[in-house]
Amino acid sequence: MSVITRMNKARKNTSWVEIMPIATLVILVILTSIGSPRFLLPATLLGLLSQSTTLLVMGLGQTFIILMGSIDLSIAPVAAMASVIAAMLLPIFGYWAFVIAALFGVFAGALTGVVHTKARIPSFIATLGAMGLWTGVAFVVSDATPISVSSSENQYLTWVTGTNFGVPNVVIIGFLVLLITYILEKYTRFGRYVKAIGAGEKATTVSGVPIDRYKIMAFIVCSTLAAFSGILLSTRMSGGSARMADGFLLKAIAVVILGGTAISGGIGGVLRTFIGVLIVMVLEVGMNMVGVNPWFQQAIFGGIIILAVTLTIDRSRITIIK
Amino acid sequence: MADTVLEVRNVSKSFPGVRALDNVDMQINEHEIVGLVGENGAGKSTLLKILIGAYHPDEGEILVRGKPADIRSVKEAEDYGLAMVFQEQSLLPNLSVRENIFLGNEEQFIRFGTINWKKMSAEAKKQLEKVELSIDPSTYTGNLSFAERQMVELARVMSLEDRTQHEPLIILDEPTTVLEKSEIDLLFDRIRKIKERSSILFVSHHLDEILELTDRIYVFKDGQCVAERVTSETNEAELHQLMVDRELKGEYYRQDKQTTPSEDVVLSVRNLSKQGFYHDVSFDLHLGEILSLTGVLGSGREDVCRTIAGLINPDNGQVLVDGKPLRFGSPAASIQSGIGYVPQDRGTEGLVLYLSIGPNITLPDLSSVIRRGFLSHRAEKNLASDWIERMAIKTPGTEALCLNLSGGNQQKVVLSKWLATKVKIFVLDHPTRGVDVGAKEEVYELIRGLAQEGIAFLLIADTLEETIGLSNLILTMKDGEITERIPAPPEGKPLPVDLIQHMM
């Protein structure tokens, strides 16, 4: 292949992957607002955004992992476990319960990160194991029953459930996390190295970058954000449960891929994941509008992930599919 | 005269920038062992790949038993009775011997959709007898010694005899690389036996083996077949001469700019050993010196370079940089000591192709573009622009991915990366591979300029001419050991034949 055709191909690939998600979003918004004119009212949109924040926070964490060319399957149980920790400790420690729940996320991420890099186990397997581990632990710790926060402790929840200037706090929190992860991705060593590892791990190693350290850091970031989204869930639901985040894994991966971050690593970012979240949000509204069975919506997300990967993957980089 | 089994007629094959095969003719007769020799890049591999259908010739034709053969795949080659025993063994260690022998050809044993193992074992036994190997065909291949596996490979290709109803033509590509001396003798003994029912093309860098085993020898050089000799009428010295006999162009390598290096040692390698790779390697690299390691594939020279780059952990020995011992096994430690490694595999190890020029240059040392704690994209872009200008990198823009640059320009980015990191020692592994002629001269010019500034180079060159043209000192390596130290001052450059006799 000549250099010129390769160049054109590369250029076409990037623009296609960049425009597709936004075009999809615009089309979905138009279709949905035709079906339901109230959809575009600020109140409706803010309501939808506050519902989507937990998914956004989880997806932002997963973005770093997928950028690196890995995958984290343990995020939903980590979030559930964090919700259980927060709900259980809230009566004893107050606000510190949230801090402890977040620290659990740090620990869970460090654990999978170390197992993945030091024992040289594929992230897929390391996090699959962690998924089982934290699901089990969450069920045992919560005695398999939801833990509710009594109304006397509602004061500790308003930082999420309250509103400021008419905007729900949870939406503001979501945007703050988006801003922080954007800075992390664009303006820190961590963000640069995560991208470089995903785009070319060998060359990054030869350049002297301590790969394992940054991989562990990425898993810590991802798990901590998963735990944080579990905290947000627990405040919105006034309680914690081992089943709190059921179904989130599929959606959290879907938002990253739908946004246009390549599953092969190296290309993408948190802003794309934000677009992905908006797509999923509008899609859910649309599906409810036309009356798709809520249970069946899982099946649709599963199909969408495969379709999105089929459309965006650069097959020239993958020789053998395992 | 015996019947001709294989005839290669006027075969040519080009790749971008190189004519890998140029009008090659060759004949192999029944029950004959033919040797094929040539230095790295002479075109041997290209010819072998054409014979097994991995490449298709641009011109010319292949005749098998007098009939033109259009070979498009390994499978088709085998249907013609042509089979190759690969340099890296191709048997699957997790399968049994019988399964390996008939891999891809199980139809004959299948009845009602399942395999008749008894029948397969019996057939496998028959093939193993041809090479006089008495092992149970249901043994796992992974449990066999390398020599035994080599025999199983031979048995596998001998099974073609029954499939095609012809005697096979067996291609042996460096079959002795992983074998001990006694195993080699055994293998040669078996090869002489199967010669009675096959023809053999034997490719090796070991001229002593070629001279011992073959009946006739073809010598390749620069994609051409330059000589054909009857083995009993030639010797090592003549073969060496034939393989490298060509004119030298001094100007091309900027020999007028060659300097005499200073006495200061910047890198000292002492008694470095790694089991199976290299043994007791020692040398000093001086300020401003260009030192070449030269040897054939498997001589260990690449592994020595990768050890210094922090990618291989040696068993024994020391490397001193400016008198201080280097910590092994860590690219970061090597870089910290001022060593920049330009790897052979530019696309995966040299550059992150899916990043643009700036991020590639700053990869080893991001701190140069960090302002007040945060990565400054503007500083990085300016840095990229500086290097694009200094190194005359041709690119559509600073944001273009390195994927979209030509080989020569990619190599300039790799060099910029290390220059920006201020390395004092360059380890260059085939720096001009896949680089076009114009860019090659630029790379030579650059190396000379940097050497004048006192940067030291440990070089693995692409060709013997490049080795001789660029170096102050040449170390030849063979089977993991340094065999000779040959000075190469501008007024007294050695000839390729002076080098090659210490390499093979």
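What counts, and at which threshold
Residues numbered from 1 in each chain as written. Chains lettered and ligands numbered in written order. Predicted model: local features only at pLDDT ≥ 70, side-chain atom pairs only at ≥ 80, totals over all residues. Helix = DSSP H or I, 4+ residues; strand = E, 2+ residues; numbered from the N terminus. Rg over C-alpha atoms; globule rule 2.2 N^0.38 Å. Buried ≥ 20, exposed ≤ 12 C-beta atoms within 10 Å, placed from the backbone. Contact = placed C-beta atoms within 7 Å. Nonpolar A, V, L, I, M, F, W, Y, C, P; charged D, E, K, R; others polar. Pairing = 2+ DSSP bridges. Axes fitted to C-alpha atoms, helices over the stretch in contact; angles between N-to-C directions.

K.L.:
Any chance you could explain the overall build of chain B here in plain terms?
P.N.:
Within chain B, the secondary structure is distributed over 18 helices and 24 strands. Computed over C-alpha atoms, the radius of gyration of chain B comes to 26 Å, within 12% of the 23 Å expected from 2.2 N^0.38 for 504 residues, which places it in the range of a compact globule. Projected onto its principal axes, the C-alpha positions of chain B cover 75 × 55 × 45 Å. Burial analysis of chain B (504 residues in total) assigns 47% to the buried set. Within chain B, counting contacts between residues at least 6 apart in sequence, those at least 24 apart form 68% of the total.

K.L.:
Even after reading the chapter, I still don't get the environment of Val 84 of chain A, so can you show me in this structure?
P.N.:
Residue and element names in this part refer to chain A. As for its placement among the helices and strands, Val 84 is situated in helix H3 (residues 75-93). When the C-alpha positions of Val 84 and Gly 69 are compared, they lie 30 Å apart, and in sequence the two are 15 residues distant. Those residues in contact with Val 84 that lie beyond four places of it in its chain are Ala 138, Val 141, Ser 142, Ile 147, Gly 240, Ser 241 and Ala 242.

K.L.:
Help me understand the interface of chain A and chain B in this model?
P.N.:
The accessible area lost on association of the parts is a frequent measure of interface size. Across the boundary between the two partners, chain A contributes 22 residues, which contact 23 residues of chain B. Among the elements of the structure, helix H1 (3-35), helix H8 (189-199) and helix H9 (201-206) of chain A are those that each provide at least two residues to the side of chain A that touches chain B. A per-element tally of the side of chain A that touches chain B places H9 of chain A first, with 5 residues. Broken down by class, the residue content of the side of chain A that touches chain B amounts to 11 nonpolar, 7 polar and 4 charged.

K.L.:
How do you make sense of the sheet that holds strand S21 (residues 425-429) of chain B when you look at a structure like this?
P.N.:
Hydrogen bonds between backbone groups are what pair the strands of a sheet, and the pairing can be parallel or antiparallel. Residues and elements named next belong to chain B. Across the sheet, 6 strands lie side by side as S18-S21-S22-S15-S23-S24; this open sheet has mixed pairing. If you trace the sheet from one side to the other, it starts and ends with strand S18 (339-342) and strand S24 (481-487), each paired once. Going across the sheet, the axis of each strand differs from the next one's by a mean of 20°, ignoring polarity. The pairing of S18 with S21 spans 4 bridges and is classified as parallel. Looking at S21, one finds that Ile 339 is bridged to Ile 425. Here helix H10 (residues 301-308) sits on the sheet in contact with strand S15 (290-294), S18, S21, strand S22 (456-460) and strand S23 (473-478), set at roughly 145° to S22.

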